[in-house]
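# Survey of secondary and tertiary structure
As a plain string of letters, each chain reads:
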Amino acid sequence: MKTSPVLKTIILMAIICLSSCVPKETIVPKEKDMPITLKSDKYIICTLTKNMSPALLAEKFLGDEKKLWMIEDANKDALYHTGETIVIPLMIENKAGLYKNGYQTVPILCYHKFSKNCSSQYCMPDDVFASQMKYLKDNHYRVITMKMLLEYLEYKKAVPQKSVVITIDDGYKSAYDIAFPILKQYGFTATLFIYTEFVSGGSALTWEQIREMKAAGFEVGSHTISHADLAVQKPEENETDYIQRITYELVQSKKILDTQISQDTTLLAFPFGSCNQTVINICKTAGYTAGLSVIRGGNSFFRNPFLIQRDQILSLEPADFISSLETFQSLLLEDKIND
Amino acid sequence: MTRQLCICIALVFSLFFIGCVTPVKEPYITMEKDKNNLATEFYEKALNLEHQKEFVEAKKNYELAFTTDPVNKEAEQGILRMTSQLQALAEKHFLKSTLLHKKGKYNEERRSLLISLRLWPEHIKARQALMANENLNIQKYINHNIENGKTRSKIYKTLAIEFFKDQQFNDAIVEFKKVLSANPNDKETMNYISDAYFQMGSTETTQNKLLEALEHFQSALNYNKNCDLCITKLAQTKDLYKEFHYKAGMKSYNEQNLIQAILEWELVQKMDMEYKKITELLEKAKTIQKNIEAIKKSE
């Protein structure tokens, strides 16, 4: 069969046309799919040429997907769809979280023991804890570390809006058996405050478990050696004995934690949340940079780092839990001189 | 031939229609237009905010306009204008705060400092004043809010009592000791700790863990000096311990296991040198053992 040259040309054209139908790789955005950007030293403004998540934008433009909150907070109503303009701040000028109608506060939740069946206020049932963590996730709270909070208190860096810190005191084994898997499930971390004498006791965490939690991103702070009330001078003690005992509780517990988990321990939760000026002075000399109490309330950027407030989560009522999550203090901060 | 040609042409056209060979959309085409629109949008918003005296937000929008269009002189001037405006206002509020401080109106002073920092976050003096005031208030704060943990230790006491009721005496003692550190004179807690140690000692006696039992009866007595039963149990357990190791030593001695016999009797002697001529028995066993070793060596 002989094919005419015209037919040959047409078939060739058809093949070329068909070859353009081969689907292209679309999973990983190629350079041409990246947003069109305009950049200054303070902002990147980009128009999305493709649907893109804030995490992907954070990774590309801020070098760390964990900084996605900077993009989310700057683009409240964005859907991150093709054609949308997104503002990416390269620095946060409002690092104090000050607004016309008030200022940002960071609540710290304080837990102790977890169990399936609880009979004490210091024990949190596993199902209630799981539902509380789900509430945080569903309502877009951002669980931050104590390190981030301290940088905020030092006026170095901003923290995400709706920031929350989770702490677990004493070092009960249930922090590993119950809380750890639930926190991991939601991608949250917490800070453990350990009193060293208790470690490896019957119902206590072991050093191995503490190391494992630290490796998973948890922070570890001191809760003294013996969970001593640092503000109480014993009846048989004179002032010198008292200071010696307190110094030992603070210095030795730090040394033990430093050695056992290879870190420079700088966080302290006062047992019972109690302290006095002497205790704070010894803390500073011993090398701590923060002290946490159990006085209810959030922490603004001007909170003294040795008087950090926390809410003990003792009630099982959802309403009480929600009341512990105040991330904003209303106060009129408008410039009235100008009016 | 003409028919074949028509079919082929129709095929090519249909492929074009279904979109397989449409030219690749070039998003960059709209770039210049978007850029101009955005710059205008940000600039107009900035002007509007400036008009409403929302200088913080106005500055931000001038900066966004300038980011979009770096040659936009008006946006650049807007930034400079807002910067000087905000700095001046921040300074005014800072000065106002110093006056309020002198009048003793500390809450109002703090509010002025916060306004100053909202307007100009790098107002170092405003931040220093804010922090200095917080530091001055530490003692007041401690006295009113923190003090000691007497009240807060009550929750630990509840937990401890629960453990005690569940006969988890070890855990109960751990929690009771926390309570005691906050309230060293709490007699009830001391009695609970004493009881918990006593219960542990009693269980250990039945399990023949006599040394542990002795230690726990002693602790029970330390926390409650009036515990007569502790004194009795301590004495009884000591007797049981001595008799147990005395007999174990006798058994080993009779089985000609002198080394074991010496070990057992030494435990008794450590506790009571006068018990059943234990010193004599030990000397005798040690002499025999020494002689046996000497014979072994000579062989």
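The model shown is predicted, which means the values in this text are computed figures rather than measured ones.

## Examining the overall build of chain B
- Within chain B, the secondary structure is distributed over 14 helices and zero strands.
- The secondary structure elements of chain B, listed N-terminal to C-terminal, are α-α-α-α-α-α-α-α-α-α-α-α-α-α.
- Going through the 299 residues of chain B one by one, you find that 43% of them count as buried.
- Excluding contacts between residues fewer than 6 apart, the proportion of contacts in chain B whose partners are at least 24 apart in sequence is 43%.
- Surface summary for chain B: the accessible area is close to 18,000 Å², and the carbon and sulfur share equals 55%.

## Quick word on the packing of helix α10 (residues 187-206) of chain B against helix α12 (residues 228-254) of chain B
All names here are of chain B.
- Where α10 meets α12, the axes come as close as 11 Å, and the angle between the chain directions of the two elements is 25 degrees. On the basis of their axis angle, the class for α10 and α12 is roughly parallel. As α10 runs across α12, the sense of the crossing is left-handed. Of the residues in α12, those in contact with S194, F198 and T205 of α10 are L229, C230, K233, T237 and L240.
- Classifying every residue of the contact of α10 with α12 gives four nonpolar, three polar and one charged.

## Topic: the packing of aromatic side chains
- Enumeration according to the criterion identifies 24 aromatic pairs over all chains in this entry.
- With centroids separated by 6.0 Å and ring planes inclined at 50 degrees, the aromatic side chains of A:Y99 and A:F328 adopt a geometry described as tilted. Of this pair, A:Y99 sits in strand β4 (residues 98-99) while A:F328 sits in strand β16 (residues 328-330), placing them 229 residues apart in sequence.
- For the ring pair B:F176 and B:Y192, a centre distance of 4.8 Å and an interplane angle of 15 degrees mean the geometry is stacked. Taken as a pair, B:F176 in helix α9 (residues 169-182) and B:Y192 in helix α10 lie far apart in primary sequence, 16 residues in all.
- Among the aromatic residues, ring-to-ring pairing joins A:Y103, A:Y155, A:F301 and A:F302 into one connected group.

## Digging into the pairing of strand β6 (residues 108-111) of chain A
Residue and element names in this part refer to chain A.
- On β6, burial covers both faces: I108 and C110 on one face and L109 and Y111 on the other are all buried.
- When β6 meets strand β10 (residues 163-170), the two strands line up parallel, connected through four bridges. Residue pairing in the sheet places I108 in a bridge with V165 of β10.
- Strand direction decides the pairing type here: β6 and strand β15 (residues 311-312), joined by two bridges, are parallel. Across the sheet, C110 pairs through a bridge with Q312, a residue of β15.

## Description of the confidence of the model for chain A
- On average, residues of chain A score 90 in pLDDT, and 88% of them reach the 70 mark or higher.
- Across residues 19-30 of chain A, confidence stays below pLDDT 50; counting only partners more than four residues off in sequence or on other chains, it has eight contacts.

## Brief notes about the nonpolar core
- In terms of nonpolar packing, the biggest core is built from 53 residues, with A:L98, A:M146, A:L149, A:F301, A:I308 and B:L114 touching the most fellow members.
- A per-element tally of this core places helix α4 (residues 73-102) of chain B first, with seven residues.
- Sequence-distant contacts of A:L149, defined by excluding residues within four places in its chain, comprise A:V106, A:I108, A:I144 and A:V165.
- Judged by nonpolar contacts, the second largest core, of 38 residues, contains A:F198, B:A160, B:A172 and B:I173.

## Examining the sheet that holds β16(A)
Residues and elements named next belong to chain A.
- Taken together, three strands build an open sheet; the order of strands is β4-β5-β16 and the sheet is antiparallel. The outermost strands of the open sheet, each flanked by one partner alone, are β4 and β16.
- As judged from the two bridges shared by β4 and strand β5 (residues 102-104), these two strands associate in the antiparallel manner. The partner of L98 across the bridge, within β5, is Y103.

## Looking at the pairing of β10(A)
Residue and element names in this part refer to chain A.
- Most of β10 sits out of view: eight of its eight residues are buried.
- Pairing of strand β9 (residues 142-143) with β10 involves two bridges; the strand directions are parallel. Paired with V143 across the two strands is V164, which belongs to β10.
- Examined bridge by bridge, β10 and strand β11 (residues 191-194) share four bridges and lie parallel to one another. The partner of D169 across the bridge, within β11, is F193.
- As for the winding sense of the linkage, the β-α-β connection from β10 through helix α6 (residues 174-185) to β11 is right-handed.

## Observations regarding the state of the cysteines
- What the rule picks out here adds up to two disulfides over all chains.
- In this model, A:C118 is linked to A:C123 through a disulfide, with the two sulfur atoms separated by 2.0 Å. Classification of the bridge connecting A:C118 and A:C123 rests on its S-S torsion, roughly -50 degrees, and on that basis the disulfide is left-handed.
- Its relative accessible area of 6% is what places A:C123 among the buried residues.
- The partner cysteine of B:C227 in its disulfide is B:C230, sulfur to sulfur 2.0 Å. The chirality of the disulfide connecting B:C227 with B:C230 is right-handed, given an S-S dihedral of about 80 degrees.

What counts and what doesn't
- Residues numbered from 1 in each chain as written.
- Chains lettered and ligands numbered in written order.
- Predicted model: local features only at pLDDT ≥ 70, side-chain atom pairs only at ≥ 80, totals over all residues.
- Heavy atoms only, no water.
- Helix = DSSP H or I, 4+ residues; strand = E, 2+ residues; numbered from the N terminus.
- Buried < 20%, exposed > 50% of the residue type's maximum accessible area, 1.4 Å probe, protein only.
- Contact = heavy atoms within 4.5 Å.
- Areas by Shrake-Rupley, 256 points an atom, 1.4 Å probe, with all protein chains shown as cover.
- Axes fitted to C-alpha atoms, helices over the stretch in contact; angles between N-to-C directions.
- Parallel < 35°, antiparallel > 145°, perpendicular 65-115°, else oblique.
- Left-handed = near helix turned anticlockwise from the far one by under 90°.
- Nonpolar A, V, L, I, M, F, W, Y, C, P; charged D, E, K, R; others polar.
- Phe/Tyr/Trp six-rings, centres within 6.5 Å; stacked < 30°, edge-to-face > 60°.
- Pairing = 2+ DSSP bridges.
- pLDDT = per-residue confidence, 0-100.
- Core = buried A, V, L, I, M, F, W, Y, C linked by side-chain atoms within 4.5 Å.
- Right-handed = clockwise from strand over helix to strand, strands pointing away.
- Disulfide = S-S within 2.5 Å.

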